Amino acid sequence: MEVDRATPAAAAGGSSSSGAMAVDQAAGGVEKPRFDALMPSEMSGGRPQFRKVAVPQHRFAPLKRCWLEIYTPVYEHMKVDIRMNLKARRVELKTRQDTPDVSNLQKCADFVHAFMLGFDIADAVALLRLDDLYVDSFEIKDVKTLRGEHLSRAIGRLSGKGGKTKFAIENSTRTRIVIADTKIHILGSFVNIKVARDSLCSLILGSPAGKVYSKLRAVSARLAERY
């Protein structure tokens, strides 16, 4: 009596799923367990996580005026609790049971912090929607020690007449810039922040605006080719 036996070639020609199963069985005999990502409510022993953002004195009135525009995306879209602690003068954020991702809490904290630095709501809300946006801050004295009228002229060079120089740097590097006295804050992607910071530093060191514009055009064209 003849017995049919599958040759090695025929066995190899079987379905891919059976082949994968055989590999799994040969490797360990059991499938590796696959776990879903933990919800924020399941982390830290089920305790909620908090973030606190201090409110400077000069941003208290704008915060009061724009509170609903800050509250809506944080509470409804990011599923994070938010409240204003009037006694401590800070905005407090807390994860909820239905918060989908633990990174939402830090994104909301960055969003509120960007507003406190002076960015518009429309610009700061991009921090909630995109992952590769950052805020970089530095002072004029970090670049060059200036005092008196020299410092005033440096701030004037950064802004330009009617803010023309600042807007030109923002548009060419796709960033947003806030000049608050001697502090400068830049919101954008890592590469764009570097280009904008280099232009601002050149202006602080005394370069004329025309020279900075021409260098910006060259760098912007190079970035456009790369990306």
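By the naming in an unreviewed UniProt entry, the protein chain goes by K Homology domain-containing protein and is assigned to Eragrostis curvula. The record in UniProt for the protein chain states the following under Sequence similarities (unreviewed entry): "Belongs to the PNO1 family."

Asker: So what's going on with the overall build of the protein chain? Residues and values would help.
Answerer: Tallying secondary structure elements over the protein chain gives twelve helices and six strands in all. Looking at the 227 residues of the protein chain, the share that counts as buried comes to 33%. For the protein chain, restricting intrachain contacts to residue pairs at least 6 apart in sequence, the fraction spanning at least 24 positions comes to 58%. If you sum the accessible surface of the protein chain, you get close to 14900 Å²; carbon and sulfur atoms cover 54% of it.

Asker: Before we move on, could you go through the environment of Leu-203 and cite the residues and values that matter?
Answerer: Tracing the backbone shows Leu-203 in helix 11 (residues 190–204). Along the primary structure Leu-203 and Arg-157 are separated by 46 residues, whereas in three dimensions their C-alpha atoms are 6.3 Å apart.

Asker: I'd like to hear about the pairing of strand 3 (residues 90–95), residue by residue, with values.
Answerer: A regular strand places its side chains on the two faces of the sheet in alternate fashion. With five bridges joining them, strand 1 (residues 50–54) and strand 3 adopt antiparallel strand pairing. Looking at strand 3, one finds that Arg-51 is bridged to Leu-93. By the bridge criterion, six bridges tie strand 2 (residues 80–85) to strand 3 in an arrangement that is antiparallel. From the neighbouring strand, Ile-82 faces strand 3, where its bridge partner is Leu-93. Here strand 2 folds back onto strand 3 in antiparallel fashion, the turn holding four residues, of which Arg-89 has a positive phi close to 55 degrees.

Asker: For the pattern of salt bridges, give the residues involved together with the corresponding values.
Answerer: For the structure on display, the rule yields ten salt bridges. Taken together, the shared-partner salt bridges in this structure form one network comprising Asp-81, Arg-96 and Asp-98.

Asker: Talk me through the packing of aromatic side chains; I want residue IDs and the actual numbers.
Answerer: In this description, an aromatic ring pair is defined by two values, namely the gap between the centres and the angle between the planes. Considering all chains together, one arrives at one aromatic pair under this definition. Pairing Tyr-71 with Tyr-75 gives two aromatic rings, centres 5.2 Å apart and planes at 10 degrees, and the pair type is stacked. Of the two residues, Tyr-71 and Tyr-75 both sit in helix 4 (residues 67–77), four residues apart, roughly one turn of that helix. When its relative accessible area of 31% is taken as the criterion, Tyr-75 is described as partly exposed. Between the NZ or CZ atom of Arg-96 and the centre of the ring of Tyr-75, over which it lies, the distance is 4.4 Å.

Asker: Can you break down the environment of Gln-106 residue by residue, with the values?
Answerer: By secondary structure assignment, the location of Gln-106 is in helix 5 (residues 103–117). The class for Gln-106 is partly exposed, based on a relative accessible area of 34%. Spatially, the C-alpha atom of Gln-106 lies 7.5 Å from that of Arg-51, the residues being 55 residues apart in sequence.

Asker: Give a description of the nonpolar core that names residues and reports values.
Answerer: Ranked by internal contacts, the top residues of the largest apolar core, which has 29 residues, are Ile-70, Leu-93, Phe-111, Val-112 and Met-116. At the level of elements, helix 4, strand 2, strand 3, helix 5, helix 6 (121–124) and helix 7 (126–129) are the ones that each hand at least two residues to this core. With nine residues, helix 5 is the single largest residue contributor to this core. In this view, Val-112 contacts Val-53, Ile-70, Ile-82 and Val-91; residues no more than four positions away in its chain are not counted. Ranked by size, the runner-up nonpolar core spans 20 residues in total, among them Ile-177, Leu-200, Leu-216 and Leu-223.

Procedures and definitions
- Residues numbered from 1 in each chain as written.
- Predicted model: local features only at pLDDT ≥ 70, side-chain atom pairs only at ≥ 80, totals over all residues.
- Heavy atoms only, no water.
- UniProt positions renumbered as here; feature names shortened; annotations may be inferred.
- Helix = DSSP H or I, 4+ residues; strand = E, 2+ residues; numbered from the N terminus.
- Buried < 20%, exposed > 50% of the residue type's maximum accessible area, 1.4 Å probe, protein only.
- Contact = heavy atoms within 4.5 Å.
- Areas by Shrake-Rupley, 256 points an atom, 1.4 Å probe, with all protein chains shown as cover.
- Pairing = 2+ DSSP bridges.
- Salt bridge = Lys/Arg side-chain N within 4 Å of Asp/Glu carboxyl O.
- Phe/Tyr/Trp six-rings, centres within 6.5 Å; stacked < 30°, edge-to-face > 60°.
- Lys NZ or Arg CZ within 6 Å of the ring centre and 35° of its normal.
- Core = buried A, V, L, I, M, F, W, Y, C linked by side-chain atoms within 4.5 Å.

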